[in-house]
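A structural walkthrough
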Amino acid sequence: MKIGINRQFRLAVRPVGNIKESDFEYLEQPIPSPSDGEVLVRTIYLSLDPTNRIWMSDMPQYMPPVEIGHVMRGVVIGVVEESKNPNFQQGDLVSGVLGWQDYAIALGNTGKGITKLPHPLPAPLTAFTGPLGFTGYTAYFGLLDIGQPKAGETVVVSAASGAVGSVAGQIAKIKGCRVVGITGSDEKCQCLTQELGFDEAINYKTEDLETALARSCPNGIDVYFDNVGGSILDAVLTKVNLHARIPVCGLISTYNATEPVPGPYNFSQILMKRVRLEGFIILDYYPQLSLAIRDLGQWLNEGKLKYAVEIVEGLENAPSAILKLFDGNKKGKLVVKVSEEPTF
């Protein structure tokens with residue numbers, strides 16, 4: 001039996017409004033040992049995502065809510081430390097929804113599946129938390145399958161400096177579109193235009209959004225990749241073109257709301273302009289992930305796709321780090337480094 005401590009954060013209470021560090025409970029458990037058919041995975045990187053807030057809530061959602069007293073759900077990049085499954089060997093790098101903890105049992109009767117990462121890696125391991133991971137897949141399928149951008153069209157992306165939005169905007173540029181990003185600081189605007197190739201960027205905190213959209217999108221908006229909902233969606237609806245498409249990836253502006261969120265007030269535009277508005281979850285596209293992996297990997301290797309990762313050191317800092325998702329105090333993909341990458 002493996003000897004040692006497995007640090008865990010469990011959901012202590014369901015958040016009311018903003019997430020608080022006290023919503024989590026810290027525990028130490030013995031490191032578990034795998035049974036036949038199982039593997040023991042050591043967490044290297046823990047992904048922090050807006051959907052964590054949904055999982056913490058007792059509300060209808062695409063997966064069952066995390067139960068009180070259970071390990072907080074989270075996507076992990078890890079390494080197999082011990083295997084009793086013939087399909088995995090010690091040292092294999094894997095990804096899966098294994099939670100906020102140092103070690104997890106996967107496969108077998110745990111219900112926690114893992115996916116083996118390619119060897120040798122085609123990109124740094126952190127890329128598999130971003131453009132070669134769930135956020136990259138989300139940007140790829142949401143934009144290309146629902147948004148269906150065509151060369152010369154105008155694409156607007158909200159939360160454009162985030163892990164999903166930054167990739168969605170770059171894919172739109174690869175497809176020959178004019179791309180306008182909406183973000184929350186002048187520094188992030190500069191990053192979008194000077195580093196990621198967006199045509200324009202809008203700081204929604206300092207500009208009137210409808211005025212800025214009219215300036216940046218003189219030919220209207222053909223595709224709006226929505227990460228936030230709320231007042232930003234409302235402003236975009238005033239500028240949409242006939243047969244515009246709106247893939248709805250997230251509604252982060254509403255996740256911490258304690259009262260019902262009104263609107264959008266300009267919903268009539270969906271009818272008048274015959275807009276296609278469709279929500280989606282990346283789980284819908286699991287059978288097609290190989291397409292995303294192929295194209296995203298190629299664009300990454302060709303230098304057409306760039307990404308930023310903000311790494312917070314230490315599992316103990318996960319409950320405070322997750323607050324960065326909602327206060328705008330981050331750049332790119334937010335991950336917690338739990339342990340060192342293996343050397344081969």
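Residues numbered from 1 in each chain as written. Predicted model: local features only at pLDDT ≥ 70, side-chain atom pairs only at ≥ 80, totals over all residues. Heavy atoms only, no water.

Turning next to unusual backbone geometry. Cis peptide bonds are those with omega within 30 degrees of zero, and the linkage from His119 to Pro120 qualifies with 0°. Tracing the sequence through the fold places Pro120 in the loop between β7 (114-116) and α2 (134-147). Not every positive phi belongs to a glycine, and Gln148 is a case in point at roughly 45°. By the secondary structure assignment, Gln148 is in the loop between α2 and β8 (154-157). Look at Gln148 and you get partly exposed, because its relative accessible area is 40%. Backbone geometry places Ala159, a non-glycine residue, at a positive phi of 45°. (Helix = DSSP H or I, 4+ residues; strand = E, 2+ residues; numbered from the N terminus. Buried < 20%, exposed > 50% of the residue type's maximum accessible area, 1.4 Å probe, protein only.)

Per the domain assignment, the segments of the protein chain are domain 1 (5-130 + 308-337) and domain 2 (134-282). Inter-centroid distance (C-alpha atoms) of domain 1 to domain 2 is 28 Å. Taken together, the contact pairs 20 residues of domain 1 with 15 residues of domain 2. For the pair domain 1 and domain 2, the summed buried surface comes to about 1,400 Å²; carbon and sulfur atoms form 60% of the total. Summed over the shared surface of domain 1 and domain 2, the result is 0 salt bridges. Linking domain 1 with domain 2 are 5 residue pairs in polar contact (both at pLDDT 80 or more). Mapped by element, the contributors of at least two residues to the side of domain 1 that touches domain 2 are α1 (51-55) and α10 (324-327). With 3 residues, α10 is the single largest residue contributor to the side of domain 1 that touches domain 2. (Domains from an automatic or database assignment. Contact = heavy atoms within 4.5 Å. Buried area = accessible area lost by both parts, 1.4 Å probe. Salt bridge = Lys/Arg side-chain N within 4 Å of Asp/Glu carboxyl O. Polar contact = N/O pair within 3.5 Å; in protein donor to acceptor, adjacent residues only side chain to side chain.)

A few words on the pattern of salt bridges. One pass over the structure, following the stated rule, counts 16 salt bridges. The salt bridge involving Asp102 is made with Arg7; its shortest N-O contact spans 2.8 Å. Here Asp102 is found in the loop between β5 (93-97) and β6 (103-107), whereas its partner Arg7 is found in strand β1 (residues 5-11), with 95 residues between them in sequence. By relative accessible area, which is 21% here, Arg7 ends up partly exposed. In this structure, Lys337 engages Glu340 in a salt bridge whose closest nitrogen and oxygen atoms are separated by 3.2 Å. Under the relative-accessibility criterion, Lys337 is labelled buried at 16%. The class of Glu340 is exposed, set by a relative accessible area of 53%. Within the structure, one salt-bridge network assembled from shared partners comprises Arg178, Glu200, Glu207 and Arg215.

The next point concerns a nonpolar patch on the surface. Side chains of Tyr62, Leu283 and Tyr286 sit close together on the surface and give an oily, nonpolar patch of about 270 Å² of accessible area. Taking the relative accessible area as the measure of exposure, Tyr286 reaches 42% and is therefore partly exposed. (Patch = residues over 30% accessible without salt bridge, like charges linked within 9 Å, V, L, I, M, F, W, Y side chains within 5 Å. Areas by Shrake-Rupley, 256 points an atom, 1.4 Å probe, with all protein chains shown as cover.)

On to the sheet that holds strand β12 (residues 240-248). The strands making up a sheet associate through backbone hydrogen bonding, with each pair oriented either parallel or antiparallel. Strand order across the open sheet formed by 6 strands is β10-β9-β8-β11-β12-β13, with parallel pairing between neighbours. Single-partner strands in this sheet number two, and they are β10 (200-203) and β13 (276-279). For this sheet, the mean angle separating the axes of adjacent strands, direction not counted, is 15°. Bridge count between β8 and strand β9 (residues 178-183): 4 bridges; the pairing is parallel. (Pairing = 2+ DSSP bridges. Axes fitted to C-alpha atoms, helices over the stretch in contact; angles between N-to-C directions.)

This next bit is on the environment of Gly91. Mapped onto the elements of the fold, Gly91 is located in the loop between β4 (75-83) and β5. A relative accessible area of 22% places Gly91 in the partly exposed class. For the pair formed by Gly91 and Val80, sequence separation is 11 residues and the distance between their alpha carbons is 5.2 Å.

What follows concerns the pairing of strand β11 (residues 221-225). Burial runs high along β11: 5 of the 5 residues are buried. Relative to β11, β8 runs parallel, the two being bridged by 3 bridges. Pairing of Val155 across the sheet is with Val223, part of β11. Both β11 and β12 contribute to a ladder of 2 bridges, which runs parallel. Opposite Val223, over in β12, you have Arg245 as the bridge partner.

Moving on: α2. With 14 residues, α2 should reach 20 Å at 1.5 Å per residue; the first-to-last C-alpha distance of 18 Å fits that figure. Buried residues dominate α2, accounting for 11 of its 14 residues. Of the positions making up α2, those classed as buried are Thr135, Gly136, Tyr137, Thr138, Ala139, Tyr140, Phe141, Gly142, Leu143, Ile146 and Gly147. (Expected span 1.5 Å × (residues − 1).)

With that settled, consider the nonpolar core. Formed by 44 residues in total, the largest nonpolar core has its most connected members in Leu125, Phe141 and Leu296. Per-element tally for this core: the top contributor is α2, with 6 residues. Not counting the four nearest positions on each side in its chain, Leu125 is found in contact with Ile44, Tyr45, Ile77, Leu93, Leu117 and Glu341. Of all hydrophobic cores here, the second largest spans 31 residues; its members include Ala321, Ile322, Val336 and Val338. (Core = buried A, V, L, I, M, F, W, Y, C linked by side-chain atoms within 4.5 Å.)

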